[in-house]
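# Coordinates in review
Spelled out, the chains give:
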Amino acid sequence: MLEGRTAVVTGGSRGIGRAVVERLCRDGADVVFNYATSEEAAVDVVRGVEAAGGKVRAIRLDLKQPDAPDQLMQAADAHLGGLDILVNNAAMVHSPVPLAETEADVFDSVMAVNTRSVFLTMRYAARHMRDGGRIVNISTMNTVRPVPGIGPYAASKGAIEQLSAVVARELGPRGITVNTVSPGATDTDMLRGANPSQALETVAGMTPLRRLGEPSDVADVIAFLAGPDGRWINGQNLRATGGLA
Ligand SMILES: NC(=O)c1ccc[n+]([C@@H]2O[C@H](COP(=O)([O-])OP(=O)(O)OC[C@H]3O[C@@H](n4cnc5c(N)ncnc54)[C@H](OP(=O)(O)O)[C@@H]3O)[C@@H](O)[C@H]2O)c1
């Protein structure tokens, strides 16, 4: 259903981003994704997609670097010959610390990776994406379920929710939809790195569907918004949380 369409996915080497790359490729899109350091994982994604007959390219670029988001978009645009889909998935978390003890450079790093990169990739898309395109930005349920200690992370995600809502109104006349997907607790390195396994059992127990999300649970929602069936959904924030938020 995405044959002839092109896509850029940030942070496609692991977790939700990897599941998005694999799903969009299965649907027929030609995909470029970036990663920061996980060379082996990125190669593994490319091998798997190519073995299944899909088209994908991985680029190593750390989105914390000021020019990296534009470099990614330019390289992807040149390689793909035009852009139809942008999924802003890459993000970093920080160790949970009360605001009183949070260093300003933690705030700056989180905002650079999670927010500034999204601003820049969306700005590139606003200038160069083909009409009828799709932009999906990944936030978190933590913007509606605040947790102590994650101020910079939650702020970085709240900002992209607002950016998405505004840009949806700017790009709508060109047939480009802009939406946010906000996952709940999803079983990835990020989640396991930030929480002891007992806490994850508690979260799964609090979730109406009584389990953690899998990366594919979220990727399928993103693929819906990126595909033809998502054409009438615009400026929304879909909470893919199993009912937790
Ligand atoms: N997992 C959850 O429970 C959960 C819940 C709510 C929202 N989310 C959101 O879902 C998205 C994906 O999370 P995840 O759990 O799949 O994370 P993850 O397992 O930590 O994977 C993160 C991906 O982003 C890339 N990345 C991180 N920092 C980067 C940087 N500075 N430059 C370029 N790429 C970078 C990583 O590349 P490398 O492999 O090279 O490091 C990796 O491919 C994030 O936006 C996150 O905030 C996750």
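This report concerns the structure included in the present document.

Let us now look at the sheet that holds strand β5 (residues 134-138). Sheet strands pair by backbone hydrogen bonding; their relative direction is either parallel or antiparallel. Reading across from one edge, β3-β2-β1-β4-β5-β6-β7 is the order of the seven strands in this open sheet, with parallel pairing throughout. Among the strands making up the open sheet, the edge pair consists of β3 (55-60) and β7 (237-240). When strand polarity is set aside, the average angle formed by the axes of neighbouring strands in this sheet is 15 degrees. Set on the sheet, helix α4 (residues 104-128) makes contact with β4 (85-88), β5 and β6 (177-183); between it and β4 the angle comes to about 175 degrees. Each of β4, β5, β6 and β7 touches helix α8 (residues 215-226); the most contacted strand, β6, lies at about 170 degrees to it.

This next bit is on the site of the ligand. Around the ligand sit 32 residues in total, of which S13, T37, S38, Y153 and T188 are the nearest. G11 places a polar main-chain atom, nitrogen or oxygen, 3.3 Å from an oxygen atom of the ligand. A36 has a polar backbone atom sitting 2.8 Å from an oxygen atom of the ligand. Notes on the ligand: free accessible area 900 Å², of which the protein chains cover 93%. Under a 2 Å grid-point criterion requiring more than half of the atoms, the pocket assigned to the ligand is the largest pocket. Mapped by element, the contributors of at least two residues to the shell around the ligand are α1 (15-26), β2 (30-35), α5 (151-171) and α6 (189-194). No other element matches the three residues that α6 contributes to the shell around the ligand. Residues belonging to the shell around the ligand are distributed by class as follows: 14 nonpolar, 13 polar and five charged.

Definitions and cut-offs
Residues numbered from 1 in each chain as written. Predicted model: local features only at pLDDT ≥ 70, side-chain atom pairs only at ≥ 80, totals over all residues. Heavy atoms only, no water. Pairing = 2+ DSSP bridges. Helix = DSSP H or I, 4+ residues; strand = E, 2+ residues; numbered from the N terminus. Axes fitted to C-alpha atoms, helices over the stretch in contact; angles between N-to-C directions. Contact = heavy atoms within 4.5 Å. Near = heavy atom within 4 Å. Polar contact = N/O pair within 3.5 Å; in protein donor to acceptor, adjacent residues only side chain to side chain. Areas by Shrake-Rupley, 256 points an atom, 1.4 Å probe, with all protein chains shown as cover. 1 Å grid on protein atoms, 1.4 Å probe; cavity = no way out; pocket = protein on both sides within 12 Å on 5 of 7 lines; lining within 4 Å. Sits in = over half its atoms within 2 Å of the grid points. Nonpolar A, V, L, I, M, F, W, Y, C, P; charged D, E, K, R; others polar.

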